[in-house]
Amino acid sequence: MGNQELNLNHQWTRTLRKKFNLFIKEKNPTFPECKKFIRDLGVELNDINLRFAAGIYIFEKYDGRHTVEEIREIVEAETDSLINEDY
């Protein structure tokens, strides 16, 4: 039953993820702006979804300038601060 509950809370589809990636690339938003955008897409702002969004946001923000290992370290360091940032 735990996996079913987890799947119900994880609302990211390929289409939503593409819209979010495009939003980041075109608008260069702050993470609070990203929170508003994904909430407006109908994605629940729970911990799983916010961590997923923060990972995408950080990866898009640093992509091309760092190695995957460096990005992984950045993601770990910045995820909690982004999620808890007020909007």
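Overview of the structure.

### Notes on the nonpolar core
In terms of nonpolar packing, the biggest core is built from 20 residues, with Trp12, Phe20, Phe31, Cys34, Ile38 and Tyr57 touching the most fellow members. For this core, the secondary structure elements donating two or more residues are helix 2 (14-27), helix 3 (31-40), helix 4 (47-62) and helix 5 (68-83). Not counting chain neighbours up to four residues away, the residues in contact with Cys34 comprise Phe20, Phe23, Ile24, Pro29 and Tyr57.

### Concerning a negative patch on the surface
Taken together, the side chains of Glu69, Glu70, Glu73 and Glu76 define an acidic patch exposed on the protein surface. As for its placement among the helices and strands, Glu76 is situated in helix 5.

### Focus: the packing of helix 2 against helix 4
One can describe the packing of helix 2 onto helix 4 by two numbers: an axis separation of 10 Å at closest approach and a directional angle of 40°. In terms of their interaxial angle, helix 2 and helix 4 are classed as oblique. Crossing hand, helix 2 versus helix 4: right-handed. Facing Arg17, Phe20, Asn21, Ile24 and Lys25 of helix 2, the residues of helix 4 in contact are Phe52, Ala53, Ile56, Tyr57 and Glu60. Within the contact of helix 2 with helix 4, the residues separate by chemical class into 6 nonpolar, 1 polar and 3 charged.

Conventions adopted
Residues numbered from 1 in each chain as written. Predicted model: local features only at pLDDT ≥ 70, side-chain atom pairs only at ≥ 80, totals over all residues. Heavy atoms only, no water. Core = buried A, V, L, I, M, F, W, Y, C linked by side-chain atoms within 4.5 Å. Buried < 20%, exposed > 50% of the residue type's maximum accessible area, 1.4 Å probe, protein only. Helix = DSSP H or I, 4+ residues; strand = E, 2+ residues; numbered from the N terminus. Contact = heavy atoms within 4.5 Å. Patch = residues over 30% accessible without salt bridge, like charges linked within 9 Å, V, L, I, M, F, W, Y side chains within 5 Å. Areas by Shrake-Rupley, 256 points an atom, 1.4 Å probe, with all protein chains shown as cover. Salt bridge = Lys/Arg side-chain N within 4 Å of Asp/Glu carboxyl O. Lys, Arg positive; Asp, Glu negative; His and termini not counted. Charge placed at Lys NZ, Arg CZ, Asp CG, Glu CD. Axes fitted to C-alpha atoms, helices over the stretch in contact; angles between N-to-C directions. Parallel < 35°, antiparallel > 145°, perpendicular 65-115°, else oblique. Left-handed = near helix turned anticlockwise from the far one by under 90°. Nonpolar A, V, L, I, M, F, W, Y, C, P; charged D, E, K, R; others polar.

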